[in-house]
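# A look at the structure
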Amino acid sequence: MSEKKEPGVWDGFKAFLMRGNVVDLAVAVVIGAAFTNIVNAVVKGIINPLVGAIGTKNLDHYSSCLSSTCEGEQGIQILWGTVLGAALSFAITAAVVYFLMVLPMAKYLARVEARRKAKEGTQEVIEVTELEVLKEIRDALIAQRGSGHNQR
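Residues numbered from 1 in each chain as written. Predicted model: local features only at pLDDT ≥ 70, side-chain atom pairs only at ≥ 80, totals over all residues. Heavy atoms only, no water.

### Some words on the overall build of the chain
Helix and strand content of the chain: 3 helices and 2 strands. Ordered by position in the sequence, the α and β elements of the chain form the string α-α-β-β-α. Looking at the chain as a whole, 9% of its 152 residues are labelled buried. For the chain, the share of sequence-separated contacts (at least 6 apart) that also reach a separation of at least 24 residues comes to 29%. For the chain, the accessible area works out to roughly 13000 Å², and carbon and sulfur atoms hold 65% of it. (Helix = DSSP H or I, 4+ residues; strand = E, 2+ residues; numbered from the N terminus. Buried < 20%, exposed > 50% of the residue type's maximum accessible area, 1.4 Å probe, protein only. Contact = heavy atoms within 4.5 Å. Areas by Shrake-Rupley, 256 points an atom, 1.4 Å probe, with all protein chains shown as cover.)

Structure below.
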């Protein structure tokens, strides 16, 4: 009588690590971290100077004061420039990811799916045609057999 050995914790951990989606997620996090530097450079080098043409180059300097005086650490300041900079970074990141990664991949997958459907469609036509030919052969054989019986 053989006992079935249950997989251990180590085997389960190895199986977890070998799943494709875990590796894909790890790659996405690393690439996302590297991509953050590029987006920050674009915001700092391009967006901030464009905004600086109107006011200050550093969006962090845009703020509003809720109290009567806001000098140094005193007073209540709302740093809306920092929020604006973060929102711009997010919008640029989302746009780049969408237009350079998501959209091309969606178009590629749509083409692959269209090719697959076209291939299935032609295969169905071939199968139907073969079925029709086989029916014609059957009918011809039946007709020959019937005419052969009449000749005897």
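Picking up after the structure, the text goes on.
### As for the packing of aromatic side chains
In the structure shown here, the tally under the stated rule is 2 aromatic pairs. Ring centres of Trp10 and Phe13 lie 6.0 Å apart, and the angle between their planes is 35°; this geometry places the pair in the tilted category. Taken together, the residues span about one helical turn, with Trp10 and Phe13 both in helix α1 (residues 9-18) at a distance of 3 residues. Overall, Phe13 belongs to the partly exposed group, its relative accessible area being 39%. A ring pair is formed by Tyr98 and Phe99, whose centres lie 5.1 Å apart and whose planes are at 80°; its orientation type is edge-to-face. (Phe/Tyr/Trp six-rings, centres within 6.5 Å; stacked < 30°, edge-to-face > 60°.)

### With respect to the nonpolar core
Side chains of nonpolar character tend, in soluble globular proteins, to be buried together. Counting 8 residues, the largest nonpolar core consists of Phe35, Val39, Val43, Ile47, Val51, Leu59, Tyr62 and Ile92. By residue number, the principal contributor to this core is helix α2 (residues 20-52), which donates 5 residues. Sequence-distant contacts of Val43, that is, excluding residues within four places in its chain, are made with Asn48, Pro49, Ser89 and Ile92. (Core = buried A, V, L, I, M, F, W, Y, C linked by side-chain atoms within 4.5 Å.)

### Topic: the pattern of salt bridges
In this structure the tally under the stated criterion is 2 salt bridges. Ionic pairing is found between Glu113 and Arg116, a salt bridge with its closest N-O pair at 2.3 Å. Here Glu113 pairs with Arg116, and both are found in helix α3 (residues 80-151), just 3 residues apart, close to one helical turn. Classification of Arg116 by relative accessible area gives partly exposed; the value is 37%. The residue Asp139 makes a salt bridge to Arg138 at a minimum N-O spacing of 3.2 Å. The class of Asp139 is partly exposed, set by a relative accessible area of 42%. Here Arg138 falls in the partly exposed class, since its relative accessible area comes to 47%. (Salt bridge = Lys/Arg side-chain N within 4 Å of Asp/Glu carboxyl O.)

### A few points about a nonpolar patch on the surface
A surface patch of nonpolar side chains, amounting to about 580 Å² of accessible area, comprises Trp10, Phe13, Phe16, Leu17 and Met18. Secondary-structure assignment places Phe16 in helix α1. (Patch = residues over 30% accessible without salt bridge, like charges linked within 9 Å, V, L, I, M, F, W, Y side chains within 5 Å.)

### Remarks on the confidence of the model for the chain
Here the chain averages 78 in pLDDT, while 86% of its residues score no lower than 70. Here α2 stands out as the element of the chain with the lowest mean pLDDT, 78, in contrast to strand β2 (residues 77-78), whose mean of 82 is the highest. (pLDDT = per-residue confidence, 0-100.)

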